[in-house]
Amino acid sequence: MIFNPFSFFFQNLFNKKIFLDCPSNWQIHFSDSASPAMEGIVNFHNHIMIVLSFIAFFVSWLLITCILSYSDDNISKSTKFTHSNELEIVWTSIPALILLFLATPSFTLLYSMDELIEPVINFKIIGHQWYWGYELSDYSTCVTGDNNIQYNCYMMVLEGLPENRKGYFRLLETNRRVLFPVKTHLRLYITAADVLHSWTVPSFGLKVDACPGRLNLINLFIKRIGLFFGQCSEICGVNHGFMPISVMGVDVVQYNSYIISKVNWIK
Ligand SMILES: [Cu+2]
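Residues numbered from 1 in each chain as written. Predicted model: local features only at pLDDT ≥ 70, side-chain atom pairs only at ≥ 80, totals over all residues. Heavy atoms only, no water.

A. Seen up close, the coordination of the copper ion. Every protein donor of the copper ion is listed here as Cys-232 (SG), Glu-234 (O), Cys-236 (SG) and His-240 (ND1), and their distances to the metal cover 2.0 to 2.6 Å. Viewed at the metal, the four donor atoms of the copper ion are separated by angles of 85 to 129 degrees, and the geometry they form is irregular. One chain supplies every donor for the copper ion, spaced along it as C-x1-E-x1-C-x3-H. Assigned by exposure class, Cys-236 and His-240 land together as buried. (Donors = N, O, S within 2.8 Å, 3.2 Å for Na, K, Ca; no water. Tetrahedral: all angles 85-135°; square planar, octahedral: opposite > 155°, others 65-115°. Buried < 20%, exposed > 50% of the residue type's maximum accessible area, 1.4 Å probe, protein only.)

Set out below in structure tokens:
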């Protein structure tokens, strides 16, 4: 988990320490997982890497042994193996079995992500050239007038950041953060207004294409409080690299107080 000691702003926001999940320099590993889906992905990756190491080791050993043992000098030895049916069966069935062995956890993970769980809150996320728009219309029936919570998140350029830039992340900060409650089943509807985009937050294990004229649906369950960053992951034009996503996972109580402050409730 990446913790930025300079992030006074985030620490003070709710008078709580908030961990940061942003990419670090030369990072080669995954972001820390914040959702069951991402935990599954990381575990599956580790599982595959073990199998992969054994295969790589075995194939290299086989290759080197073949090169060293079977040369023009001892052709009598190698001719025993040419057009060998037994060998063909073995080297076809073993990889097939390995693939089967890997397919089971892979499909389990894939379908567990698609599981339909009755959501508590629905969010609509709209990709634009080049910013993300968010809509929350769950409360439209219990408020006065047209009170959908709706806002757009634009990237903050360095000039837009406060004087003391410590704790801010270049090309990842947006003018406002999306607030998601933690430990709550959320459903995200993702679409685009113009061209293809992709709403991606590595810590959640989410990467959902935003297609114009189509609503893509995904469930999200955030397990811990934090500040999560992501970027558009579908080439969408010149400013594709400048439409980041910053999501804040907050307590349900904090989230509710935010909603109460935003909405004009029917008295
Ligand atoms: Cu893009």
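B. Representation of the sheet that holds strand β4 (residues 149–153) within the structure. Within the open sheet, the five strands sit side by side as β4-β3-β2-β6-β9. Their pairing is mixed. Each edge of the open sheet carries a strand with a single partner, namely β4 and β9 (216–221). Mean inter-strand twist for the sheet, computed between neighbouring axes without regard to direction, equals 25 degrees. With five bridges connecting them, strand β2 (residues 121–128) and strand β3 (residues 131–136) associate as antiparallel partners. The partner of Ile-125 across the bridge, within β3, is Tyr-134. Across the face of the sheet, helix α5 (residues 252–262) comes into contact with β2, β3 and β4 while running at roughly 105 degrees to β4. (Pairing = 2+ DSSP bridges. Helix = DSSP H or I, 4+ residues; strand = E, 2+ residues; numbered from the N terminus. Axes fitted to C-alpha atoms, helices over the stretch in contact; angles between N-to-C directions. Contact = heavy atoms within 4.5 Å.)

C. Local environment of the packing of aromatic side chains. Applying the stated criterion to the full structure yields eight aromatic pairs. An angle of 15 degrees between the planes, with centres 6.1 Å apart, marks the rings of Phe-107 and Tyr-111 as stacked. In this pair, Phe-107 and Tyr-111 are both assigned in helix α4 (residues 85–113), four residues apart and thus about one turn of the helix distant. On the basis of relative accessibility, which here comes to 45%, the residue Phe-107 falls in the partly exposed class. In this structure Tyr-111 comes out as exposed when scored by relative accessible area, which is 54%. Pairing Phe-123 with Phe-180 gives two aromatic rings, centres 4.4 Å apart and planes at 50 degrees, and the pair type is tilted. Placement of Phe-123 in strand β2 and of Phe-180 in strand β5 (residues 178–181) is noted, with a sequence separation of 57 residues between them. Per residue, the accessibility class of Phe-123 equals that of Phe-180, and both read buried. Three or more aromatic residues joined by ring pairs form one cluster here, namely Phe-123, Phe-180 and Trp-199. Directly above the ring of Tyr-151 sits Arg-176, whose terminal nitrogen or CZ lies 3.7 Å from the centroid. (Phe/Tyr/Trp six-rings, centres within 6.5 Å; stacked < 30°, edge-to-face > 60°. Lys NZ or Arg CZ within 6 Å of the ring centre and 35° of its normal.)

D. Geometry of α5. Inspection of α5 places Gln-254, Tyr-255, Tyr-258 and Ile-259 among the buried residues, and these make up the whole buried set. The buried side chains of α5 occupy one side of the element, clustering within an arc of 140 degrees when seen end-on. In this structure, α5 carries Val-253, Ile-260 and Ser-261 as exposed residues pointing more than 90 degrees from its buried face. For α5, the elements touching its buried residues are β2, β3, β4, β5 and β11 (244–250). (Arc of directions from axis to C-beta.)

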